[in-house]
Structures are given as structure tokens and as C-alpha cells.
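# Structural overview
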Amino acid sequence: MGPRLSANAGWRYDTVLEVRYFAGARAAAGLSSETVAAGSLDDLVALLADRHGERLALVLKAASFLVDGLACHDRQAALPAGATVDVLPPFAGG
């Protein structure tokens, strides 16, 4: 299901996701995982940046995302309900 306008005039999503943070994303978020509701990666990034602040927002701009273990490059695509979204910041090294 898509977004619905809730009673408090904010957008509410019916798609509940598990978000797992790795490396610098974990440090910026201050936790290893959380459950959130979002309709797309764009929505998820905005929600997480708002929730956790500028430090995580900077990481999210450069991060890669796996949705149920598969790379997702279309940030506007609908996310499946119950999906696991892994947030992978750029990694250094070779």
C-alpha cells in the first residue's frame, strides 16, 4: 500500500521495514538496526536523516542500499513490505 495522510496531517506508510546499519552508518545512526515505515528508498533516506540528524544524512548521500540482499539503485521504487534494507557506506581499502 502507498502513503496515506494520517490524522496529524503527516504521511504514514504501511510498508514496515527493518533497516540495518553497517560501519560508518552504524556509528552515525547510533544503533545497529531499527524498524521503520517507508514507501521507497527516497522516503526512507528522508525519514532517517530527519530522525538521526546531519551526520547520518551525509552518510546516506554516499551510501549503497541492499533490499533483501539485492543492490537497489532506483530510490523511487516501491519497497516490499517486510523487507530488510542494509545501509552500506562507502568502504575504504582494496
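What comes next is a walk through the structure. (Residues numbered from 1 in each chain as written. Predicted model: local features only at pLDDT ≥ 70, side-chain atom pairs only at ≥ 80, totals over all residues. Heavy atoms only, no water.)

This part covers the overall build of the protein chain. Helix and strand counts for the protein chain come out as three helices and seven strands. The linear arrangement of helices and strands in the protein chain, starting from the amino end, is β-β-β-α-β-α-α-β-β-β. Sorting the 94 residues of the protein chain into buried and exposed places 34% on the buried side. The long-range fraction of contacts in the protein chain, counting pairs at least 24 apart against all pairs at least 6 apart in sequence, stands at 48%. Entry remark: accessible area of the protein chain is about 5500 Å², with carbon and sulfur atoms responsible for 55%. (Helix = DSSP H or I, 4+ residues; strand = E, 2+ residues; numbered from the N terminus. Buried < 20%, exposed > 50% of the residue type's maximum accessible area, 1.4 Å probe, protein only. Contact = heavy atoms within 4.5 Å. Areas by Shrake-Rupley, 256 points an atom, 1.4 Å probe, with all protein chains shown as cover.)

Formed by 23 residues in total, the largest nonpolar core has its most connected members in Tyr21, Leu44, Leu48, Leu56, Phe65 and Val87. Elements represented by at least two residues in this core include exactly β3 (16-21), α1 (24-29), α2 (41-52), α3 (54-62), β5 (64-67) and β7 (84-88). Element by element, the count of residues in this core is highest for α2, at four residues. (Core = buried A, V, L, I, M, F, W, Y, C linked by side-chain atoms within 4.5 Å.)

What follows is about α3. Taken together, the buried positions of α3 are occupied by Leu56, Ala57, Val59 and Leu60. In an axial view of α3, the angular spread of the buried residues amounts to 165°, which keeps them on one side of the axis. Turned more than 90 degrees from where α3 packs its buried face, Glu54, Arg55 and Lys61 sit exposed. Where the residues of α3 are buried, they touch β3, α1, α2, β5 and β7. (Arc of directions from axis to C-beta.)

This part covers α2. For α2, built from twelve residues, the straight-helix expectation of 16 Å at 1.5 Å per residue is met to within 8% by its first-to-last C-alpha distance of 16 Å. Looking at α2, one finds that the buried residues are Leu41, Leu44, Val45 and Leu48. On an axial view of α2, the arc spanned by its buried residues comes to 100°, and they lie on one face. Gly53, located one to two residues past α2, shows a positive phi value of around 95°. (Expected span 1.5 Å × (residues − 1).)

Here the focus is the sheet that holds strand β4 (residues 33-37). If you trace the five strands from one edge of the open sheet to the other, you get β4-β3-β7-β5-β6, paired in mixed fashion. Here the strands that pair on one side only, and so sit at the sheet edges, are β4 and β6 (70-71). Where β5 meets β7, four bridges bridge the pair, whose relative direction is antiparallel. Looking at the pairing, Val67 lines up with Val85 of β7. (Pairing = 2+ DSSP bridges.)

This brings us to the environment of Ala71. You can see Ala71 is positioned in strand β6. For Ala71 and Asp86, which are 15 residues apart along the polypeptide, the C-alpha to C-alpha distance reads 9.3 Å. When residues no more than four places from it in sequence are discounted, the contact partners of Ala71 are Phe65 and Leu66.

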